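# Observations on the three-dimensional arrangement
Spelled out from the first residue to the last, the chains are:
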Amino acid sequence: MTTTHTVTAPDRRRVSKTAGSHDESPRRSRFKQGAGRQHHAGPFAYVALAVVGLGSLFPLYWTLVAASRTQDEVLDTTPPLLPGGNLFNNLRAAWEQASLGKAIVNTVIVSSSITLATLFFCTLAGYAFAKMRFKGRGALMTTVIATLTIPPQLSVVPLFILMSDIGWGGQLESVIFPTLVSAFGVFFMRQYLLEALPYELIEAGRVDGANNLRIVWSIVLPVARPAMMVLGMLTFVQSWNDFFWPYLALNQQNPTLQVALGQLSASYVPDQSIVMAGALISTLPLLVVFVIFGKQIVGGIMSGAVKG
């Protein structure tokens, strides 16, 4: 006699569930649906970006318009909105009246020297504060940060007396040496290296027999390159546009670009079209530098932000 066992539907579901527990069935994703998907910009985003872009470009456009017009046209109750035909005449007048050729050479020397020195010293100091252990590290870092709260105008008088005693009055050294290191640069590089530079790389270099200088050259500098490019651009722009201290430290025979531009507006009734032409000349080198190095800076920031 044969006995037949039937399996009910709930039992079949239980058996199939038990048997399928060992199968390689796809698991439910832990991420929400659509995570990591790129969102398309709407009309409001395009309008907002257009407004911000036009607002940022308008001062440069107005400088071009004013530099290509005459004094009467610039000061008219209805200012012009389109460029005129006096651009090259105004550029030539600004170049001759303010001796912009020598001023541009001096500004390139000052800005390049300050930028290179700031990158070198701030990277070394940032690495020391971020990854090296020594007594008084916290107190020194607090002191560096505290200097950011001191207005630079308070140090003008003692700094001017010091430069005069050294014999650097009116010389480019009086503008370069006081700004070789910046507290912001030290803090910026320290914060970047804290996250971007793992201790394992440093220990691996020491195991291979590398000293501190070799570690800085072969490990720290390649890791810090994205932050150095950003700091270099900020430092170069700030040095190029600096007016207050160069105006006090230098004379009219050896000026930087911003000091020379001040001569154009120093007369009783300055010609605004020539002043704008000089401002246009001072802006063009910065635009060239940004066009050349802007993509590398953005690419460096993105590569430094990606965690491998």
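Structure's up top.
Source: prediction; values computed, not measured.

## Examining the packing of aromatic side chains
Going through the model one piece at a time under the given rule, you end up with six aromatic pairs. A centroid spacing of 6.1 Å and a plane angle of 50° characterise the contact between phenylalanine 129 and phenylalanine 134, whose relative ring orientation is tilted. Note on phenylalanine 129: relative accessible area 10%, which makes it buried. Directly above the aromatic system of tyrosine 199 lies the positively charged group of lysine 131, at a separation of 4.2 Å from the ring centroid.

## Some points on the environment of methionine 189
Tracing the backbone shows methionine 189 in helix H9 (residues 183-196). Along the backbone, methionine 189 and alanine 224 are 35 residues apart, and their C-alpha atoms lie at a distance of 7.7 Å. The contacts of methionine 189, once residues within four sequence positions are left out, are Cys122, Thr123, Gly126, Ala224, Ala227, Met228 and Leu231.

## Considerations on the pattern of salt bridges
Per the stated rule, a full pass over the model turns up two salt bridges. For the salt bridge of glutamate 73 with arginine 69, the shortest nitrogen-to-oxygen distance reads 3.8 Å. When its relative accessible area of 33% is taken as the criterion, glutamate 73 is described as partly exposed. Judged by its relative accessible area of 17%, arginine 69 falls in the buried class. For glutamate 203, the salt bridge identified is with arginine 206, shortest N-O distance 3.6 Å.

## A few points about helix H13 (residues 257-264)
Along H13, six of the eight residues are buried, which leaves the element largely enclosed by surrounding structure. Those residues of H13 that fall on the buried side of the exposure criterion are Leu257, Gln258, Val259, Ala260, Leu261 and Leu264.

## Some points on the nonpolar core
Counting 23 residues, the largest nonpolar core has Tyr127, Met189, Leu193, Leu197, Ile215 and Val220 as the members making the most contacts within it. Elements that contribute at least two residues to this core include exactly helix H5 (100-131), helix H6 (137-146), H9 and helix H11 (212-241). Considering every element that reaches this core, the biggest residue donor is H11, with nine residues. Filtering out sequence-adjacent residues up to four positions away, leucine 197 remains in contact with Tyr127, Lys131, Ile202, Ile219, Val220 and Val223.

The rules we used
Throughout this description, residue numbers start from 1 for each chain and increase along the sequence as written. Given that this is a predicted model, residues contribute local features only at a pLDDT of at least 70 and side-chain atom pairs are listed and counted only at 80 or more, while totals for whole chains, interfaces and linings are drawn from all residues. Remark: hydrogens and water are excluded; side-chain values derive from all non-hydrogen atoms of the structure. Ring pairs are drawn from Phe, Tyr and Trp, using the six-membered ring of Trp, whenever the two centres fall within 6.5 Å, and their geometry is named by plane angle: stacked under 30 degrees, edge-to-face over 60, tilted for the rest. A 1.4 Å probe rolled over the protein chains alone gives each residue an accessible area, and that area as a share of the maximum for its type sets the label: buried under 20%, exposed over 50%, partly exposed in between. Either the NZ atom of lysine or the CZ atom of arginine qualifies as a charge over a ring when it sits within 6 Å of the ring centre and within 35 degrees of the ring normal. Secondary structure elements are taken from DSSP: a helix is a run of H or I of four residues or more, a strand is a run of E of two residues or more, and numbering for both begins at the N terminus. In what follows, a contact means two residues having at least one pair of non-hydrogen atoms within 4.5 Å. We define a salt bridge as a contact between a side-chain nitrogen of Lys or Arg and a carboxyl oxygen of Asp or Glu at a distance within 4 Å. Residue types Ala, Val, Leu, Ile, Met, Phe, Trp, Tyr and Cys, when buried and joined through side-chain atoms within 4.5 Å, form a set referred to as a nonpolar core.

So far we have only geometry, and geometry alone does not tell us how the molecule works.
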